[in-house]
Amino acid sequence: MLRVKAGILVLVLCFVQNMISQTKVSFEQSDSDPLISKHIYGHFAEHLGRCIYDGFYVGEDSSIPNTNGVRNDIIEALKALKIPNLRWPGGCFADTYHWKDGVGPKEDRPTMVNKWWGGVVEDNSFGTHDFLNLCEVLGTEPYLAANVGSSTVQEFTEYTQYVTREVGVPMSDYRAENGRKEPWKVTFWGVGNEMWGCGGNMRPEHYADIYRQYATFMTDWTNSDGMFRIASGANVADYHWTEVLMRDIPKSLIEGVALHSYSFVEWDEKGSSTKFDESQYFSTMQTALKMEELVDKHAAIMDKYDPENEIALVVDEWGGWYEVEEGTNPGFLYQQNTMRDAMIAGITLNIFNNRADRVKMANLAQTVNVLQAVILTDGDKMLLTPTYHVLKMYNVHQNATLIPVKFESPSYEFKGETLPAISISASKDQQGKKHLSLVNIDSKKSNEVELDVEALGFKKVSGTILKSGKLQDHNTFDSPNQITPQEFGDFKLKKGKLTVTLPPFSVVVLEGE
Ligand code: AHR
C-alpha cells in the first residue's frame, strides 16, 4: 500500500515538474554594452479625448487641487514614475495645430475644430506655456511635435525661436510679453507626425524633401542650439519609408527617425479592453512581440546608411489599442487597462532595452485617459493602471548599462500556435546594482528560470512582482489598488545560480547586489 502511495506521489511530482518549464539564462557583459537611454521610458500627451482637457488639465478654478490648472495628483504620480520626456501636442492633432493660437491671454485665444478626434471644439486654453511649464514642474524634458502638414516653414521656425531664444529677437520678445522671459530648454523636436497618413498622406520621397527644408530653417549652420530633430517615421513594417528617409536626408540634418506600432487583436476588430478571451489575448501578444522584428529590421536599414550609429530610432508611439469603453465618444479612445496591458508594457520595454544600441527614445501612447494610459481619471477620482506599475518597476533601467541576456524561451502554446513565453532584460546602474526584468506571458503556466548570476556577483537579491488572478483584472475607481506591485520572494540563490518561478502572466523585477 505504502509503495502504491509513493508511486502516485512520484507521478504527481513528475506531472507538476512537467507543468513548469525550466529555462537556463546566461549573461554576457562586454565593454561595448550600450547605455539604456532614460528616454526609452517617455510618454505622450495629445489633445485627444480626455488626455489634456478633463485629464491633465482641469483649469485654475477647478475644485480639484491643481498647479496652474494641472491636477496635483497626476503631477505627483508622474514625478514618482520619473518620466524622462513628454511628447505634445500630438499625434495627428500636431499637424492641425497652430501654436500662436495657444499663447497670450486665454480669453483672447481663438477656437478650432479638433478634426481627427471627435470633431470637438478646442479652445486652446492649454497651450505652449502651459505645457512647457508643466514639464518644468515634472522635471521632464519636453518633446514638441510641431506642425508640418498644415503649417509653413516660417510658422515652424518662429516656433523654435519663440521657445528657445534669449529675449532680443521678435519671437522671444513676444514670449516675454506673454509672461515668460527666460527661454525653455527644448531639445526634442518632431518634424511632423505620421506624414504617410494624417500628416499629409505623403510619399516618403516627398516628405524627405520637405523634412530637409524644415530641418534647415530650424537651426543655424551648426545647429548651435543642439536640437534633436526627429523625422516622422514609418508605420509598422513600412521599411521602404525608413529606407528613403535614411537615403535622402543628409546626416547633418537629422538626429532621430521615428516608428509607430500599436498592439491589438485585429486592427479592424479591436475588441473590448476588458472582456477578451484567450484567443484575443494571444493575438495581442503576437502583435506586441512583433516589435522585436520591427526594431531589428528598421535598425538594419539604419545601419546601412548610418554605420556610425549616430541617428536614433525613436518609437514615439506604442501601446495597446482596443475599442473604446461603452458609452464613451468613439473619437476619444478611452479604454481600460488590464493585466494584458501589463504584459505589453513588460515585453515591449524589454525589447527596447535589449536594442538600446539603436532605440534611444520611445513614447507610450498615451499618458492619461487615452489608449494604454498609465493614469485614468473620473471627476476628482484618479487611478494608476497596471501599465503604470510596470513602468515604475522598470524605471531602474533608466540610464543603466545594458547587460545582454542569452536564453531559449519556452513556448506559450495556444491552438497549435506558439509564442516565446518569457522575455528578459538586464542592466547595471551607476551604483553598481543589477536589475533583471522578467515577464511570463503564458496565460496558464508558471515558468521556472535558472539565471547564471555568478558573473554578476550577486550576494543578495530582492524582488517585486505584478500579478493578478485573471488576465482581465484591472483597477477601478471603486477599487483602485486591486493590482499593485508586491514583494516577491519566489526565488533561490545558491552557488551562483538564481532560480526564479514566474507565475502565469506576471512581471517580476529583481535587484541583485
Ligand atoms: O495615439 C493616437 C493616434 O495614433 C495619434 O494621434 C496618431 O499619430 C496615431 O495614428
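All of these numbers come straight from a predicted model, not from anything done at the bench.

**Description of the overall build of the protein chain**
Thinking step 1. The secondary structure content of the protein chain amounts to 10 helices and 27 strands.
Thinking step 2. Here the C-alpha atoms of the protein chain give a radius of gyration of 24 Å, agreeing with the 24 Å that 2.2 N^0.38 yields for 513 residues.
Thinking step 3. Considered along the principal axes of its C-alpha atoms, the protein chain spans approximately 95 × 50 × 45 Å.
Thinking step 4. A burial count over the protein chain gives 58% of its 513 residues as buried.
Thinking step 5. Pairs at least 24 apart in sequence give 76% of the contacts found in the protein chain among residues at least 6 apart.

**A closer look at the domain arrangement of the protein chain**
Thinking step 1. Segmenting the protein chain into domains produces domain 1 (20–31 + 404–512) and domain 2 (36–399).
Thinking step 2. The C-alpha-based centres of domain 1 and domain 2 are spaced at 29 Å.
Thinking step 3. Every contact between the two is made by 44 residues of domain 1 and, on the other side, 39 residues of domain 2.
Thinking step 4. Summed over both sides, the interface of domain 1 with domain 2 buries roughly 3,300 Å², with 69% coming from carbon and sulfur.
Thinking step 5. In this assembly, domain 1 and domain 2 are joined by one salt bridge.
Thinking step 6. Among the salt bridges present, the one from Lys-444 reaches Glu-278, with a minimum N-O distance of 2.9 Å.
Thinking step 7. Run the count over domain 1 and domain 2 and you get 19 residue pairs in polar contact (both at pLDDT 80 or more).
Thinking step 8. At the level of secondary structure, the elements contributing two or more residues to the side of domain 1 that touches domain 2 comprise strand S18 (411–414), strand S19 (417–420), strand S20 (422–428), strand S21 (434–440), strand S23 (461–466) and strand S27 (506–512).

**What to know about the state of the cysteines**
Thinking step 1. One pass over the full model with this rule turns up one disulfide.
Thinking step 2. Covalent S-S linkage joins Cys-92 and Cys-198, the inter-sulfur distance amounting to 2.1 Å. Disulfide Cys-92 to Cys-198: torsion about the S-S bond roughly -85°, handedness left-handed. Here Cys-198 lies in the loop between strand S9 (188–191) and helix H6 (204–218) and Cys-92 lies in the loop between strand S5 (85–88) and strand S6 (112–114), a separation of 106 residues in the sequence. By the burial criterion, Cys-92 is buried, and Cys-198 matches it.
Thinking step 3. Cysteine Cys-51 is unpaired, with the sulfur of Cys-135 as its nearest cysteine sulfur at 12 Å.
Thinking step 4. Overall, Cys-51 belongs to the buried group, its relative accessible area being 0%.
Thinking step 5. The exposure class of Cys-135 is buried, given its relative accessible area of 2%.

**Examining the site of the ligand**
Thinking step 1. Around the ligand, a shell composed of 13 residues is seen, among which Glu-46, Cys-92, Glu-194, Tyr-262 and Glu-317 lie nearest.
Thinking step 2. One of the side-chain N or O atoms of Glu-46 is found 2.7 Å from an oxygen atom in the ligand.
Thinking step 3. Here an oxygen atom of the ligand sits 2.8 Å away from a polar atom, N or O, in the main chain of Cys-92.
Thinking step 4. When isolated, the ligand has an accessible area of 290 Å², and the protein chains bury 94% of it.

**Re the pattern of salt bridges**
Here the idea is simple: oppositely charged side chains can pair when their charged atoms come close.
Thinking step 1. On inspection of all chains with the given rule, the structure shows 29 salt bridges.
Thinking step 2. Where salt bridges share partners, they join Lys-251, Asp-303, Asp-306, Glu-308, Glu-310 and Arg-358 into one cluster.

**Here's the deal with the packing of aromatic side chains**
Thinking step 1. This structure, assessed with the given rule, holds 24 aromatic pairs.
Thinking step 2. Measuring from ring centre to ring centre gives 4.8 Å for Trp-99 and Tyr-162, while their planes differ by 50°; the resulting arrangement is tilted. Taken together, the positions of Trp-99 in the loop between S5 and S6 and Tyr-162 in helix H4 (residues 153–164) put the pair 63 residues apart, joining distant regions of the chain. Of the two residues, Trp-99 and Tyr-162, neither departs from the other in class, the shared state being buried.
Thinking step 3. Through successive ring pairs, a cluster of aromatic residues spans Tyr-53, Tyr-57, Trp-88, Phe-93, Tyr-97, Phe-126 and Phe-131.
Thinking step 4. In this arrangement the basic side chain of Arg-50 is found over the ring face of Tyr-334, its NZ or CZ atom lying 5.2 Å from the centre.
Thinking step 5. Positioned over the ring face of Phe-276 is Arg-340, at 3.8 Å from the centre of the ring.

**Here we look at unusual backbone geometry**
Thinking step 1. In this chain, Trp-88 is followed by Pro-89 through a cis amide linkage whose omega measures 5°.
Thinking step 2. The step from Gly-90 to Gly-91 runs through a cis peptide bond, and the omega angle for that step is 15°.
Thinking step 3. Along the chain, Gly-91 turns up in the loop between S5 and S6.
Thinking step 4. Although it is not a glycine, Asn-201 sits at a positive phi angle of roughly 50°.
Thinking step 5. Mapped onto the elements of the fold, Asn-201 is located in the loop between S9 and H6.
Thinking step 6. For Asn-201, a relative accessible area of 62% corresponds to the exposed category.

The rules behind each value
Residues numbered from 1 in each chain as written. Predicted model: local features only at pLDDT ≥ 70, side-chain atom pairs only at ≥ 80, totals over all residues. Heavy atoms only, no water. Helix = DSSP H or I, 4+ residues; strand = E, 2+ residues; numbered from the N terminus. Rg over C-alpha atoms; globule rule 2.2 N^0.38 Å. Buried < 20%, exposed > 50% of the residue type's maximum accessible area, 1.4 Å probe, protein only. Contact = heavy atoms within 4.5 Å. Domains from an automatic or database assignment. Buried area = accessible area lost by both parts, 1.4 Å probe. Salt bridge = Lys/Arg side-chain N within 4 Å of Asp/Glu carboxyl O. Polar contact = N/O pair within 3.5 Å; in protein donor to acceptor, adjacent residues only side chain to side chain. Disulfide = S-S within 2.5 Å. Near = heavy atom within 4 Å. Areas by Shrake-Rupley, 256 points an atom, 1.4 Å probe, with all protein chains shown as cover. Phe/Tyr/Trp six-rings, centres within 6.5 Å; stacked < 30°, edge-to-face > 60°. Lys NZ or Arg CZ within 6 Å of the ring centre and 35° of its normal.

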